[in-house]
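# Structure assessment
Chain residues, written in single-letter form:
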Amino acid sequence: EDKVVQSPLSLVVHEGDTVTLNCSYEVTNFRSLLWYKQEKKAPTFLFMLTSSGIEKKSGRLSSILDKKELFSILNITATQTGDSAVYLCACHNAGNMLTFGGGTRLMVKP
Amino acid sequence: NAGVTQTPKFQVLKTGQSMTLQCAQDMNHNSMYWYRQDPGMGLRLIYYSASEGTTDKGEVPNGYNVSRLNKREFSLRLESAAPSQTSVYFCASSERGFTDTQYFGPGTRLTVL
């Protein structure tokens, strides 16, 4: 059974701090790893990673995948209160299943 | 046990035409989803249905409508297709909610000319 584990479960930081969120996985026939941000009801897509070592970047957010050690990290620099959300990691396998981790709840205080 | 099925597999439309993508699951799942996937991008959620009788917008709902016809079926309608809607569309289902494992259909490749 595929498994995706995120850590920490929750995190409280102050504006301007840098945070690193972790996602480790055990997935048969791994195809891709995806990061989502969930603020209200539905998650919004952030990144898709398929290759090891290639950093994806969008503004203050960046992410990288290590397919040897089976994990990914999501970095957020110079955090803002608007970054407060649950961050979800999910893995897509070749059997067309998407397995989500339990999420990391980030709170950014002013 | 077919899992999640989608029809059609391929479709070509002209700008302004309408069509409905069909999705059915036989796993007795409560939640169903419609995603689109564009080259180099991950799955972006269009609409979802947490349970029979409810539907909610996802990240990219504009230009689409959905119907949760019953527990098994969740259709996606394009009322007036635009070239920007050229994409691969995936339907998925899960027992309950986003963080339950989602099972995907084979996808529909849609081209809008």
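The residue count restarts for each chain, going from 1 along the sequence in the order it is written. Lettering for chains starts from A, numbering for ligands starts from 1, and both go in the order in which the items are written. Only residues with pLDDT of at least 70 are given local features in this predicted model, and only at 80 or more are side-chain atom pairs given and counted; all residues enter the totals for whole chains, interfaces and linings. With hydrogens and water excluded, all non-hydrogen atoms of the structure serve as input to the side-chain values.

## Examining the overall build of chain A
Heads up, the condition is: Each helix is a run of H or I in the DSSP string that is no shorter than four residues. Each strand is a run of E no shorter than two, and both are numbered from the N terminus. Here the globule rule is a power law, 2.2 Å times the number of residues to the power 0.38, and the radius of gyration is based on C-alpha atoms. For every residue, the accessible area obtained with a 1.4 Å probe (protein chains only) is divided by the maximum for its type, and the residue is called buried under 20%, exposed over 50%, and partly exposed between those limits. Calculation of accessible area relied on Shrake-Rupley with a 1.4 Å probe; when residues are assessed, cover is drawn exclusively from the protein chains displayed. Note on charges: Lys and Arg go in the positive column, Asp and Glu in the negative column, and His and the chain ends are not counted at all. A charged residue contributes its charge at one atom only: NZ of Lys, CZ of Arg, CG of Asp or CD of Glu.
Regarding its fold elements, chain A presents zero helices and eleven strands. The order of α-helices and β-strands along chain A, N terminus first, is β-β-β-β-β-β-β-β-β-β-β. Taken against the 2.2 N^0.38 rule, which gives 13 Å for 110 residues, the C-alpha radius of gyration of chain A at 13 Å falls within 12% of a compact globule. The 110 residues of chain A split such that 47% are buried. Of the roughly 5,400 Å² of accessible surface on chain A, 50% is carried by carbon and sulfur atoms. Averaged over its 12 positive side-chain charges, chain A has a centre that lies 6 Å from the centre of its 10 negative ones.

## Overview of the nonpolar core
What counts, and what does not: Put simply, buried Ala, Val, Leu, Ile, Met, Phe, Trp, Tyr and Cys residues joined by side-chain atoms within 4.5 Å make one nonpolar core.
Ranked by size, the top nonpolar core spans 22 residues in total, and within it A:Tyr25, A:Leu33 and A:Trp35 carry the most contacts. Where this core is concerned, the elements lending two or more residues are β3 (19-26), β4 (30-38), β5 (43-49), β7 (61-66), β8 (71-76), β9 (85-93) and β11 (104-109) of chain A.

## Points about the state of the cysteines
The criterion, for reference: Any two cysteine sulfur atoms lying within 2.5 Å of each other are counted as a disulfide.
Following the criterion strictly, the structure yields two disulfides over all chains and no others. The residue that forms a disulfide with A:Cys23 is A:Cys89, at a sulfur-sulfur distance of 1.9 Å. Taking the torsion about the S-S bond as the criterion, the A:Cys23 to A:Cys89 disulfide, at about -60 degrees, is left-handed. In this pair, A:Cys23 is assigned in strand β3 and A:Cys89 in strand β9, connecting sequence segments 66 residues apart. Of the two residues, A:Cys23 and A:Cys89, both sit in the buried class. A sulfur-sulfur separation of 1.8 Å characterises the disulfide bridge that pairs B:Cys23 with B:Cys91. Of note, the bridge from B:Cys23 to B:Cys91 carries an S-S torsion of about -70 degrees and is left-handed in sense.

## With respect to the pattern of salt bridges
Selection rule: Take a side-chain nitrogen of Lys or Arg and a carboxyl oxygen of Asp or Glu: if they are within 4 Å of each other, that pair is a salt bridge.
The tally for this structure, following the rule as stated, stands at seven salt bridges over all chains. Of the charged contacts in the structure, one is a salt bridge between A:Lys37 and A:Glu39, with a shortest N-O distance of 3.9 Å. Given the relative accessible area of 14%, A:Lys37 is considered buried. The class of A:Glu39 is exposed, set by a relative accessible area of 52%. Close ionic contact of B:Arg96 with B:Asp100 constitutes a salt bridge, the shortest N to O distance being 3.9 Å. Residue B:Arg96 is classed as exposed on the basis of its relative accessible area of 53%. Three or more residues are tied together by salt bridges with common partners; here these are B:Arg36, B:Asp38 and B:Arg44.

## Considerations on the sheet that holds strand β7 (residues 64-68) of chain B
The pairing of strands in a sheet happens through backbone hydrogen bonds and is either parallel or antiparallel. Residues and elements named next belong to chain B. Here is the rule we go by: In this analysis, strands are considered paired if DSSP registers two or more bridges between them. Whenever a helix is involved, its axis is fitted only over the stretch in contact; in every case the axis is a line through C-alpha atoms, and angles between N-to-C directions fall within 0 to 180 degrees.
Overall, antiparallel pairing links the four strands, which are arranged β1-β3-β8-β7 in an open sheet. In the strand order of this sheet, the two ends are held by β1 (4-7) and β7, each with one partner. Strand-to-strand twist of the sheet, defined as the mean angle between neighbouring strand axes without regard to direction, takes the value 15 degrees. Bridge count between β7 and strand β8 (residues 74-78): five bridges; the pairing is antiparallel. In the sheet register, Val-66 faces β8, and the bridge partner there is Leu-76.

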